[in-house]
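Here's the letter readout for the chains.
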Amino acid sequence: MNKEIKALIKDFYEHDYILNEELATSVFLLKNLEKPLLLEGNPGVGKTMLAKTLAKHLGTKLIRLQCYEGLDVSTTIYEWNYQKQLLHIKLFESEKDKIALENQIFGMDYVLQRPLLQSIRAEKPVVLLIDEIDRADEEFEAYLLELLSDFQISIPELGTIRATSKPLVILTSNRTRELSDALRRRCLYHWVDFPSKAKEIDIITKKLPNIDEVLATQVVTFIHNLRKSSLNKPPGIAESLDWAKTLLLLNVDNITDEIVHNTIGSVLKHKDDVEFVRNKSVQEFLYPID
Amino acid sequence: MLAVDKTFKERLIDFTMYCRERQFVLGPQETRDAFAIAERGYVLDRKLFQYSLKAIYCKRKEHFDRFDEMFDRFWSRYYEEKLEERKKKIQPIKKEPETSTVIFLGAKFNVPKKEKEIEAKQTKGANESIRLRRTDFSKVDIEDKKHLEELAEELFHQMSMRFKRRLENSNKGSVDIRRTIRNGLGKGGLLLDLAYKKKRKEKRKIVFILDVSGSMDTYSYYLLRYIMVLKKYFKSLEFFTFSTDLTHITPLLRENSEQETIKHIGKNVNSWSSGTKIGESLTKFISVYGNKFLSQKHIVVILSDGLETGSVTVLKEAVRTIRRKCKTLVWLNPLKGMKDYQPIQKGMVSVMPHLDAFESAHNLDSLLKLEKLLMDV
């Protein structure tokens with residue numbers, strides 16, 4: 001294995017994130033090719049956490065943009081500080097040189113910087129997390145194209161603002177809708193799958209050092225078998241961790257039907273799924289898997 | 001920086017072409033990035049090179065799942081050659097087996113004569129996609145099946161993007177004065193940001209009823225995938241399958257991956273690949289689901305070869321009722337794609353007068369042509 005990738009895996013491990021070689025290579029390329037990385041995968045597989053850990057690994061700031069329907073330029077890139085502009089106009093009403101006045105109020109001092117602009121104007125490269133891009137509208141994807149390919153933003157009154165430092169951009173998507181080809185082509189891509197059983201046990205024991213290994217194995221076996229069932233919302237790693245924490249709090253050393261009945265709410269978030277599990281015996285989900 | 005030789009560059013370009021032929025969307029930028037990683041020496045480490053190319057060339061999960069196999073198929077020979085070169089430096093020179101030069105996807109390779117035939121089989125012509133698009137699903141051989149699936153996946157994806165663009169086009173309505181004034185309050189009353197009323201979205205309601213009986217076996221799989229793509233863009237799409245009995249499939253279309261959904265459906269539909277009782281199944285549809293899914297807003301699409309084994313009278317009556325209760329009734333029959341096909345089977349003859357449209361659905365081209373029909377309804 002490449003030395004730098006090995007070091008990356010080790011450092012991420014120290015920050016409680018277990019990278020596999022393939023994902024580590026994508027992160028390595030993100031740093032070296034200076035291209036954004038698009039992470040797709042089911043909810044709860046650690047996509048957002050990867051960006052947070054990358055920021056810790058680089059000792060830099062994380063700028064997060066949580067996407068939602070209706071997101072636009074004024075909330076993501078910039079907005080003019082209208083109140084400040086109006087005050088300035090009032091103060092200099094008697095100014096005869098109107099062009100100079102106009103130039104003043106359309107300067108950088110009057111721009112409210114939103115996350116995307118902040119990320120390219122930072123002195124040191126930051127990690128920019130554009131989270132759940134699939135929730136945003138297609139128009140917003142189009143705004144992003146210029147930033148993702150050239151690391152610059154165009155503001156009509158100011159012209160093109162180039163990046164002072166190129167941010168490391170991570171986009172995540174839960175695949176609730178198809179992203180445009182134009183966006184995909186500007187990014188490196190990685191599909192983040194649910195971890196293997198061994199890796200998930202590693203994650204739990206790393207995050208919860210007090211947990212008994214037998215209990216951790218039981219939790220992971222149960223969760224992996226649940227993921228194989230046709231649930232409305234299969235549990236992610238976050239749910240495995242929540243459940244393991246709950247069991248630790250309750251001093252449980254062995255998973256029984258009663259324990260599952262009382263604590264399954266921390267794993268499953270859908271009424272039908274909860275009923276599905278409660279109607280079955282715990283042993284059905286604890287049989288060994290590969 | 002590693003000096004990358006011309007042969008390697010050619011091979012990398014060939015690999016890009018090889019991926020493009022398998023519906024990867026790759027432009028010059030991806031090739032440039034691939035050269036960049038080769039020049040950085042990543043090519044010396046097979047896994048690093050493989051994972052790097054994977055991150056650059058894959059743009060969606062379906063690509064991601066197929067890439068490793070494609071990489072192995074294409075690059076194994078290269079890495080074997082490199083290994084042999086290293087061995088040769090250590091061992092005394094042996095006489096090389098008789099080889100011949102073959103051209104594979106535009107690149108020259110020296111291969112032992114015995115392998116020549118196998119390699120030649122893998123060579124695909126430039127018109128491969130066109131040929132596959134026109135091939136009847138029932139006549140696809142095992143060799144072509146995989147390529148056809150890859151092609152179907154890509155073409156359906158492109159179609160879905162077109163649907164999306166058209167459906168989401170011009171969503172802006174007139175200016176919303178009330179919201180515009182409210183937005184201006186914080187800006188000294190200046191109306192700088194115009195707020196728009198959203199156009200009322202037209203509700204399209206489509207019901208698909210797919211025949212999964214034995215005689216439709218070779219078509220059902222592709223038709224199923226086609227419907228699953230449409231499901232993403234028609235919020236009100238209901239899906240049923242039938243052979244001897246009717247199954248409501250819509251609740252099963254929740255899986256993230258199409259393959260998982262297909263497996264899921266396979267498990268839950270008991271009558272898959274059995275006989276055909278179209279009339280009885282449609283009658284059940286009317287009696288159980290008719291109140292909910294049959295109205296003047298619904299378009300009903302039946303996908304079946306019309307080879308009825310039950311009562312023709314029941315079939316005729318069911319189709320007549322559906323037509324009376326819905327807005328449009330479309331019948332898609334894969335057999336229509338056959339040369340000289342005439343709908344002369346008793347089942348088809350009885351239903352023909354009640355149909356608004358009767359189209360074929362036997363190959364990828366015919367499925368893609370339905371796009372216009374569905375957009376216009």
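Residues numbered from 1 in each chain as written. Chains lettered and ligands numbered in written order. Predicted model: local features only at pLDDT ≥ 70, side-chain atom pairs only at ≥ 80, totals over all residues.

Chemist: For the overall build of chain A, give the residues involved together with the corresponding values.
Modeler: Each helix and strand in chain A was counted, giving 14 helices and nine strands. Going through the 290 residues of chain A one by one, you find that 33% of them count as buried. Excluding contacts between residues fewer than 6 apart, the proportion of contacts in chain A whose partners are at least 24 apart in sequence is 76%. (Helix = DSSP H or I, 4+ residues; strand = E, 2+ residues; numbered from the N terminus. Buried ≥ 20, exposed ≤ 12 C-beta atoms within 10 Å, placed from the backbone. Contact = placed C-beta atoms within 7 Å.)

Chemist: Got a sec to walk through the sheet that holds strand β8 (residues 168-173) of chain A? Specific residues and values, please.
Modeler: Consider a sheet: its strands pair through backbone hydrogen bonds, and that pairing is either parallel or antiparallel. All names here are of chain A. Read from one edge to the other, the open sheet built from five strands follows the order β2-β5-β8-β1-β9, with strand pairing classed as parallel. Both edges of this open sheet fall to β2 (62-66) and β9 (188-192), since each of them pairs with a single strand only. If you compare each strand with its neighbour and ignore which way they point, the axes differ by 20 degrees on average. Pairing of β2 with strand β5 (residues 127-131) involves five bridges; the strand directions are parallel. (Pairing = 2+ DSSP bridges. Axes fitted to C-alpha atoms, helices over the stretch in contact; angles between N-to-C directions.)

Chemist: How would you sum up the packing of helix α10 (residues 197-207) of chain A against helix α11 (residues 213-228) of chain A? Please name residues and give values.
Modeler: Packed helices, taken two at a time, are described by the angle between their axes plus the distance between the axes. All names here are of chain A. Contact pair α10 / α11: the axes reach a minimum separation of 9 Å and the direction vectors enclose 130 degrees. With respect to α11, the axis of α10 lies oblique. Crossing geometry of α10 relative to α11 is assigned as right-handed. Of the residues in α11, those in contact with Lys-197, Glu-200, Ile-201, Ile-204 and Thr-205 of α10 are Glu-213, Ala-216, Thr-217, Val-219, Val-220 and His-224. For the contact of α10 with α11, the per-class residue count stands at five nonpolar, three polar and three charged. (Parallel < 35°, antiparallel > 145°, perpendicular 65-115°, else oblique. Left-handed = near helix turned anticlockwise from the far one by under 90°. Nonpolar A, V, L, I, M, F, W, Y, C, P; charged D, E, K, R; others polar.)

Chemist: So what's going on with the interface of chain B and chain A? Residues and values would help.
Modeler: Listed per partner, the contact involves 24 residues of chain B and 24 residues of chain A. Every element with two or more residues in the side of chain B that touches chain A is listed here: α2 (28-39), α3 (46-57), α4 (61-90) and α7 (142-168) of chain B. It is α3 of chain B that contributes the most residues to the side of chain B that touches chain A, six residues altogether. Its residues assigned to classes, the side of chain B that touches chain A shows nine nonpolar, six polar and nine charged.

Chemist: Kindly report on the environment of Asp-212 of chain A, identifying the contributing residues and their values.
Modeler: Residues and elements named next belong to chain A. Its place among the elements puts Asp-212 in the loop between α10 and α11. By C-beta crowding, Asp-212 is classed as partly exposed, having 15 other C-beta atoms within 10 Å. Measuring from C-alpha to C-alpha, the distance between Asp-212 and Leu-248 comes to 9.0 Å, with 36 residues separating the pair along the chain.

Chemist: Please give an account of the pairing of β8 of chain A that cites residues and values.
Modeler: For a regular strand, the rule is simple: side chains alternate between the two faces of the sheet. All names here are of chain A. Extensive coverage of β8 is indicated by the burial of six of its six residues. Covered by surrounding structure in β8 are Leu-168, Ile-170 and Thr-172 together with Val-169, Leu-171 and Ser-173, the residues of both alternating faces. Sheet analysis places strand β1 (residues 37-41) next to β8, joined by four bridges and oriented parallel. Counterpart to Glu-40 in the pairing with β8 is Ser-173. Bridge analysis of β5 against β8 gives four bridges, and the strand direction is parallel.

Chemist: Now, about α11 of chain A: what can you tell me, with residues and values included?
Modeler: Residues and elements named next belong to chain A. The end-to-end C-alpha distance of α11 is 23 Å, a good match for the 22 Å that 16 residues give at a rise of 1.5 Å each. Of all the positions in α11, only Ala-216, Gln-218, Val-219, Val-220, Phe-222, Ile-223 and Leu-226 are classed as buried. Contact partners of the buried residues in α11: α10 and α12 (237-249). (Expected span 1.5 Å × (residues − 1).)

Chemist: Go over unusual backbone geometry, please, and point to the residues and values.
Modeler: Residue and element names in this part refer to chain A. A positive phi angle is found at Asp-16, which is not glycine, with a value near 65 degrees. Counting through the fold element by element, Asp-16 comes out in the loop between α1 (3-14) and α2 (21-33). Of the residues examined, Asp-16 has 12 C-beta atoms within 10 Å and is grouped as exposed. A positive phi angle, near 55 degrees, is found at Glu-132, a position not held by glycine. For Glu-132, the location among the structural elements is in the loop between β5 and α8 (138-150).

Chemist: Give me the lowdown on the nonpolar core, citing residues and values where you can.
Modeler: Within the largest apolar cluster, 69 residues are counted, with the highest numbers of intra-cluster contacts made by Val-127, Ile-170 and Leu-188 of chain A. Here this core takes seven residues from α3 of chain B, the largest share from any one element. Discounting residues that sit within four places of it in the chain, Leu-188 of chain A has contacts with Ser-26, Leu-29, Leu-30, Lys-35, Leu-37 and Leu-38 of chain A together with Ala-55 and Ile-56 of chain B. With 51 residues, the next largest nonpolar core counts Tyr-222, Leu-224, Leu-230 and Ile-278 of chain B among its residues. (Core = buried A, V, L, I, M, F, W, Y, C linked by C-beta atoms within 7 Å.)

Chemist: Break down the sheet that holds strand β7 (residues 246-248) of chain B for me, citing the residues and quoting the values.
Modeler: Residues and elements named next belong to chain B. Taken in spatial order, the six strands make up an open sheet running β7-β6-β5-β8-β9-β10, and their pairing is mixed. The two strands at the open ends of the sheet, each matched to only one other strand, are β7 and β10 (357-359). Neighbouring strand axes in the sheet, compared pairwise and without regard to direction, differ in orientation by 20 degrees on average. As defined by bridge partners, strand β5 (residues 205-211) adjoins strand β8 (residues 298-303) across six bridges and the pair is classed as parallel. Note on β8: the bridge partner recorded for Lys-205 is His-298. Across the sheet, helix α11 (residues 278-293) is in contact with β5, β6 (236-242), β7 and β8; its angle to β7 comes to roughly 35 degrees.

Everything listed here is a matter of coordinates, which is why it stays silent on function.
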